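Observations on chain architecture
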Amino acid sequence: LNRIAALLCISALHESGDNEVVSDDDCCEIFVPVVRELASDRVPNVRFNAGSAAVTMWKRLPLSTAESELGGIFLGLEQDDDTDVKFYAADAVKSLKL
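This section reports on the structure supplied with the text. Values in this document were obtained by computation on a predicted structure and should not be read as measured data.

Quick word on the packing of helix 1 (residues 2–15) against helix 2 (residues 24–38)
Two measures define how a pair of helices packs: the angle their axes make with one another and the distance between the axes. At a closest axis distance of 11 Å, the pairing of helix 1 and helix 2 adopts a crossing angle of 140°. One finds that helix 1 runs oblique with respect to helix 2. When the axes of helix 1 and helix 2 are compared, the crossing they make is left-handed. Here Arg3, Leu7, Ile10, Leu13 and His14 of helix 1 lie close against helix 2, whose contacting residues are Cys27, Phe31, Val34, Val35 and Leu38. For the contact of helix 1 with helix 2, the class distribution of residues is eight nonpolar, one polar and one charged.

Encoded structure:
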């Protein structure tokens, strides 16, 4: 539950779109590593929410930064054993045009 709460907070901070709340540098230094780590969590729902947070962050970051910092997360989740995680990751890849 704590891991999912952290991911929901990360998403909420990035949905605001306000660089005064979270700068791009802070996003990459603080939040990307958390999302990256949780994308490989043992619990499928945590991995699912990590993918969701990565999508929210992707929409806010400059494209080149998003590709370099977050692209690997989706590629890993597309290979997941859980069908829901795999489906959401494939949908994210398609909608973000990766």
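Past the structure itself, the notes keep going.
Looking at the packing of aromatic side chains
Under the criterion given, the structure shown has two aromatic pairs. For the ring pair Phe48 and Tyr88, a centre distance of 4.9 Å and an interplane angle of 50° mean the geometry is tilted. One end of the pair, Phe48, is in helix 3 (residues 44–60); the other, Tyr88, is in helix 5 (residues 83–96), with 40 residues separating them in the sequence. We classify Tyr88 as partly exposed; its relative accessible area is 23%. On the basis of an interplanar angle of 70° and a centroid distance of 5.9 Å, the ring pair of Trp58 and Phe74 is categorised as edge-to-face. Of the two residues, Trp58 is situated in helix 3 and Phe74 in helix 4 (residues 63–78); the sequence distance between them amounts to 16 residues.

About the thresholds
Residues numbered from 1 in each chain as written. Predicted model: local features only at pLDDT ≥ 70, side-chain atom pairs only at ≥ 80, totals over all residues. Heavy atoms only, no water. Axes fitted to C-alpha atoms, helices over the stretch in contact; angles between N-to-C directions. Helix = DSSP H or I, 4+ residues; strand = E, 2+ residues; numbered from the N terminus. Parallel < 35°, antiparallel > 145°, perpendicular 65-115°, else oblique. Left-handed = near helix turned anticlockwise from the far one by under 90°. Contact = heavy atoms within 4.5 Å. Nonpolar A, V, L, I, M, F, W, Y, C, P; charged D, E, K, R; others polar. Phe/Tyr/Trp six-rings, centres within 6.5 Å; stacked < 30°, edge-to-face > 60°. Buried < 20%, exposed > 50% of the residue type's maximum accessible area, 1.4 Å probe, protein only.

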